[in-house]
Amino acid sequence: MSDVDIIALSAAAAAAAVGEGSLSASELFDAYRERAAADRAAGADGLNCFTWVAEQAPPEMVSGAFAQPPPLTGASLAGVPLAVKDLFCTEGVPSQSGSRILEGYLPPYTATAVSRLAGAGAPLLGKTNQDEFAMGSSTENSAFGPALNPWDRGRVPGGSSGGSAAAVAAGLAPWALGTDTGGSIRQPAALCGIVGLKPTYGAVSRYGMIAFASSLDQAGPLTRDVTDAALLLGGMVGRDERDATSLQFPYEIELPAAERLDGVRLGVPEELTGGAAGGGPSSDGEAGAGIEAGVLDAFQATLARAEELGAEVRPVRLPHAPHALSAYYVLAPAECSSNLARFDGVRYGLRAQGADDLLDMYTRTRHDGFGPEVKRRIMLGTYALSSGYYDAFYGRAQRVRTKISEDFRAAFESVDFIVTPTSPTVAFRLKEKTGDPWSMYLNDYCTVPMSLAGIPAISIPCGLSEALPVGFQIAGPVFSENRLLDVAYALEQAIGFDGSPARV
Ligand code: GLN
């Protein structure tokens, strides 16, 4: 098979080709390895998706051990190489979470999600660029330079899993792992025209993920289509005794097959869509998402398609959703200020030289090692947790979080899923939002509520606006992944989005 033919295959199709013997696992690995390595070697002339690329296929693949599907339950991943966001610890391989403070850090162990997938047949292809400690929506907060959007190199791929999303969209990796704390899988998937799934909180082990906000962080797939997302998710879910918050997934993850949506009730929350029946909401933060007209058009066209497939579309209320972003920007910085206390120059990565004493060494290391967004959040979080303010900020944000969960629970009594645009805008220009943190934070207006509630949500490409991809978000109750994937699949077939222009 030629490299062009190989790159054209979805991950599931590539796995099938390996299973049948029409493609060898090492041929498949090499085709992607060459493309990923070339992008990395191109430096600023490439997409800057990768921070590290494997030098060769793992030995067991060359010897043919992966040629046959490994004897696991569920579908085999049959040697389809995997790009992994930098913040997953990978033994002996740089794992820097996009930060100077972890430059050169080689972990002595591998994250559970990555080792499970490797065990199921998906070997590590490379580590992908990301916003520093996953804080950001554009990958511009990476200490290693921004990743670029393959649809338009003057624009961001979204973030924080921007390197993973851009790599999959550009055909530099068949599929990738990302993490989502407030939207970091779904928003870059939307901006790059691919599929991104944030699973139910706890469905995937966080062991070995360099933490940002532990009560929100969740790993998930970034893939070319919905079938690939199901396949990858199936290889990573499950209880892990090393992560006390991980859960046994109650069902086997199934490959989606639905063609119709008869009887499926889709709820459109006015609070997150400005009442998609007409007009975009204002962009003054709390009052609305400021959804672009082109995004709203693609969203409404997708609702019409859903109705053609038999779905019932109706309005639903999420009264506290407009406060989600404010609560998130208290809770996530609070958790990050605690999680990032461990980076002190003693245990990992960077240590500032020439310090007078221990305190001076801590201070200099953190001064030199953290970028401005991370420092902003550590300061915000430390303030919000300080004794005089704890209840006014952290306690109050926790109460808002509870209200948001209750809103979803109530909504799911009258609808099966909630749908919104994934991101209020298409991919924006590099540097367009770096000077204005609030406008950057607004990217996650529609994704943060689901993160606070711990429920699963998927973004699928639903069309173009200004020749750039638009994402359609579908969220469901805890552990509804199989039904969620089915609905996404039926819509995907009807939409027929063509991602190939990004793979040149
Ligand atoms: N953009 C959001 C933030 O900066 C979400 C990031 C994420 O999901 N990791 O916090």
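Keep in mind that what you see is a predicted model, and the values were worked out from it rather than measured.

A.B. asks: Can you walk me through the overall build of the protein chain in this structure?
C.D. replies: Secondary structure summary: the protein chain contains 17 helices and 11 strands in total. Its C-alpha atoms give the protein chain a radius of gyration of 21 Å, within 12% of the compact-globule value 23 Å for 504 residues. Taking the principal axes of its C-alpha atoms as reference, the protein chain extends roughly 65 × 65 × 45 Å. Within the protein chain, the proportion of its 504 residues that are buried is 61%. Summarising the internal contacts of the protein chain: among those between residues at least 6 apart in sequence, 75% fall at separations of at least 24. Surface accessibility of the protein chain: about 18200 Å² in total, with carbon and sulfur atoms responsible for 52%.

A.B. asks: Honestly, the sheet that holds strand β2 (residues 82-85) in this entry has me stumped. Any pointers?
C.D. replies: Judged by pairing direction, the sheet is mixed, and its 11 strands sit side by side in the order β1-β3-β2-β4-β6-β5-β10-β11-β9-β7-β8 without closing on themselves. If you trace the sheet from one side to the other, it starts and ends with β1 (50-53) and β8 (312-316), each paired once. Averaged over all neighbouring strand pairs, the angle between strand axes comes to 30 degrees, with direction disregarded. Pairing analysis gives 6 bridges linking strand β4 (residues 175-180) to strand β6 (residues 218-223), with the strands arranged antiparallel. The partner of G178 across the bridge, within β6, is G220. Packed onto the sheet, helix α3 (residues 25-41) meets β1 and β3 (124-128) and runs at close to 135 degrees relative to β1.

A.B. asks: Looking at this structure, I do not really get the site of the ligand. What am I missing?
C.D. replies: Near the ligand lie 15 residues; those nearest to it are T181, G182, S184, Y328 and D444. At 2.9 Å from an oxygen atom of the ligand is found a main-chain nitrogen or oxygen belonging to G136. One of the backbone nitrogen or oxygen atoms of G182 is found 2.6 Å away from an oxygen atom of the ligand. Out of a free accessible area of 290 Å², the ligand has 100% covered by protein chains. Class assignment for the residues of the shell around the ligand results in 5 nonpolar, 7 polar and 3 charged.

A.B. asks: Explain the pairing of β6 to me, please; I cannot follow it from the model alone.
C.D. replies: Within a regular strand, the side chains alternate between the two sheet faces. Burial analysis of β6 places 6 of its 6 residues in the buried class, which makes it a mostly covered element. Sheet topology places strand β5 (residues 195-198) next to β6; 2 bridges connect them, and they run antiparallel. Residue pairing for β6: V195 is matched across the bridge by T223.

A.B. asks: What should I look at first to understand unusual backbone geometry in this one?
C.D. replies: Of all residues except glycine, most have a negative phi; of all peptide bonds, most are trans. Here the amide bond leading from G159 into S160 is cis, since omega sits at 10 degrees, within 30 degrees of zero. Residue position: S160 is located in the loop between β3 and α6 (162-169). One non-glycine residue with positive phi stands out, namely K431, at about 70 degrees. Inspection of the secondary structure assignment puts K431 in the loop between β9 (417-421) and α15 (437-441). Even without a glycine there, the phi angle at A467 is positive, about 65 degrees. The topology assignment puts A467 in the loop between β10 (457-465) and β11 (468-475).

A.B. asks: Honestly, the environment of L430 in this entry has me stumped. Any pointers?
C.D. replies: Looking at where L430 falls in the secondary structure, it is placed in the loop between β9 and α15. Residue L430 is classed as partly exposed on the basis of its relative accessible area of 26%. Along the sequence, L430 and G154 sit 276 residues apart, while their C-alpha atoms lie 6.1 Å from each other. L430 has contacts with E140, P146, L148, R153, G154, R155 and V156, leaving out every residue within four places of it along the chain.

A.B. asks: When you look at a negative patch on the surface in this model, what are you seeing that I'm missing?
C.D. replies: Among the surface-exposed residues, D3, E27, D30 and E34 lie close enough to one another that they form a single negatively charged patch. Examining the composition of the negative patch, we find that 3 residues originate from one element, α3, more than from any other. A residue is classified by how much of its surface remains accessible, and D30, at 34% relative accessible area, is partly exposed.

A.B. asks: Which parts of the structure should I look at to understand the packing of aromatic side chains?
C.D. replies: What characterises a pair of aromatic rings is the spacing of the ring centres plus the angle enclosed by the ring planes. Scanning the model with the defined rule gives 17 aromatic pairs in all. With centroids separated by 6.4 Å and ring planes inclined at 75 degrees, the aromatic side chains of W438 and Y441 adopt a geometry described as edge-to-face. Taken together, the residues W438 and Y441, both in helix α15 and 3 residues apart, mark about one turn of the helix. Counting every residue linked through ring pairs, the aromatic cluster contains Y105, F133, F343, Y348 and F370. Positioned over the ring face of F428 is K433, at 4.3 Å from the centre of the ring.

A.B. asks: What exactly am I supposed to notice about helix α12 (residues 358-369) here?
C.D. replies: Residue pairs spaced three or four apart in an α-helix point in one direction, given the helix's 3.6 residues per turn. Here α12 is 12 residues long and its end C-alpha atoms lie 16 Å apart, about the 16 Å a rise of 1.5 Å per residue gives. Those residues of α12 that sit buried are D360, M361, T365 and G369. The arc that holds the buried residues of α12, viewed along the axis, is 140 degrees, so those residues lie on one side. What points out from α12, more than 90 degrees from its buried face, is the exposed set L359 and H367. Here α12 starts with a cap whose side-chain oxygen sits 3.3 Å from the backbone nitrogen of L359, and that cap is D357.

A.B. asks: Where do I start with a nonpolar patch on the surface in this structure?
C.D. replies: Judged by side-chain polarity, Y383, Y389 and F393 come together as a nonpolar surface patch covering roughly 290 Å² of accessible area. Along the polypeptide, Y389 turns up in the loop between α13 (372-385) and α14 (390-411). With a relative accessible area of 38%, Y389 lands in the partly exposed category.

A.B. asks: Is there a simple way to think about the nonpolar core in this case?
C.D. replies: F50, F88, F133, L177, I474 and L491 are the most contacted members of the largest nonpolar core, which totals 162 residues. Among the elements that take part in this core, helix α11 (residues 324-339) stands out by supplying 10 residues, more than any other.

A.B. asks: Please clarify how the packing of helix α5 (residues 112-119) against helix α8 (residues 226-236) should be interpreted in this entry.
C.D. replies: In helix packing, the relevant descriptors are the interaxial angle and the interaxial distance, both defined with respect to the helix axes. Running from N to C, α5 and α8 cross one another at 110 degrees; their axes reach a closest spacing of 8 Å. By the angle between their directions, the pair α5 and α8 is classed as roughly perpendicular. Touching A113, R116 and L117 of α5 are L232, G235 and M236, all from α8. Among the residues making up the contact of α5 with α8, the classes are represented as 4 nonpolar, 1 polar and 1 charged.

Conventions and cut-offs
One numbering rule holds for all chains: residues counted from 1, following each sequence as written. Residues qualify for local features only when their pLDDT is at least 70, as the model is predicted, and side-chain atom pairs are given and counted only at 80 or more; totals for whole chains, interfaces and linings, by contrast, use all residues. In computing side-chain properties, one takes all heavy atoms of the structure into account and sets aside hydrogens as well as water. Numbering of helices and strands starts at the N terminus; helices are DSSP runs of H or I of at least 4 residues and strands are runs of E of at least 2. Between the two quantities, the radius of gyration covers C-alpha atoms and the globule rule is 2.2 Å times the number of residues to the power 0.38. Only protein chains enter the calculation, and the probe is 1.4 Å; a residue is then buried if its accessible area is under 20% of its type maximum, exposed if over 50%, and partly exposed in between. Between two residues, a contact is recorded if the distance between any of their heavy atoms is within 4.5 Å. The protein chains shown are the only cover counted for residues, whose accessible areas, like all others here, come from Shrake-Rupley with a 1.4 Å probe. When DSSP finds two or more bridges between a pair of strands, those strands are recorded as paired. Where helices are involved, their axes are fitted lines through C-alpha atoms of the stretch in contact, as for all axes, and angles between N-to-C directions lie from 0 to 180°. If a single non-hydrogen atom of a residue is within 4 Å of a molecule or strand, that residue counts as near it. Here a polar contact is taken to be a pair of N or O atoms separated by no more than 3.5 Å, where protein atoms must pair a possible hydrogen donor with a possible acceptor and residues adjacent in sequence count only if both atoms sit in side chains. Throughout this entry, Asp, Glu, Lys and Arg are counted as charged residues, while Ala, Val, Leu, Ile, Met, Phe, Trp, Tyr, Cys and Pro are counted as nonpolar. The remaining residues, Gly among them, count as polar. The patches reported here contain residues having more than 30% relative accessible area and no salt bridge. Joining distances are 9 Å for like charges and 5 Å for nonpolar side chains (Val, Leu, Ile, Met, Phe, Trp, Tyr). Salt bridges are defined as contacts in which a side-chain nitrogen from Lys or Arg sits within 4 Å of a carboxyl oxygen from Asp or Glu. Neither His nor the chain termini are counted; the positive set is Lys and Arg, and the negative set is Asp and Glu. For charged residues, the charge sits on one atom: NZ in Lys, CZ in Arg, CG in Asp, CD in Glu. To pair, rings of Phe, Tyr and Trp, with the six-membered ring standing in for Trp, must have centres within 6.5 Å; the planes then decide the type, stacked if under 30 degrees apart, edge-to-face if over 60, and tilted in the middle. By definition here, charges over rings are those cases where NZ of Lys or CZ of Arg is within 6 Å of the ring centre and within 35 degrees of the ring normal. The span you would expect from a helix comes to 1.5 Å times its residue count less one. Within this analysis, the arc is defined by the directions that extend from the helix axis to the C-beta atoms. Here, nonpolar core refers to any group of buried Ala, Val, Leu, Ile, Met, Phe, Trp, Tyr and Cys residues whose side-chain atoms link them within 4.5 Å. Put simply, angles under 35 degrees are roughly parallel, angles over 145 are roughly antiparallel, angles from 65 to 115 are roughly perpendicular, and the rest are oblique.

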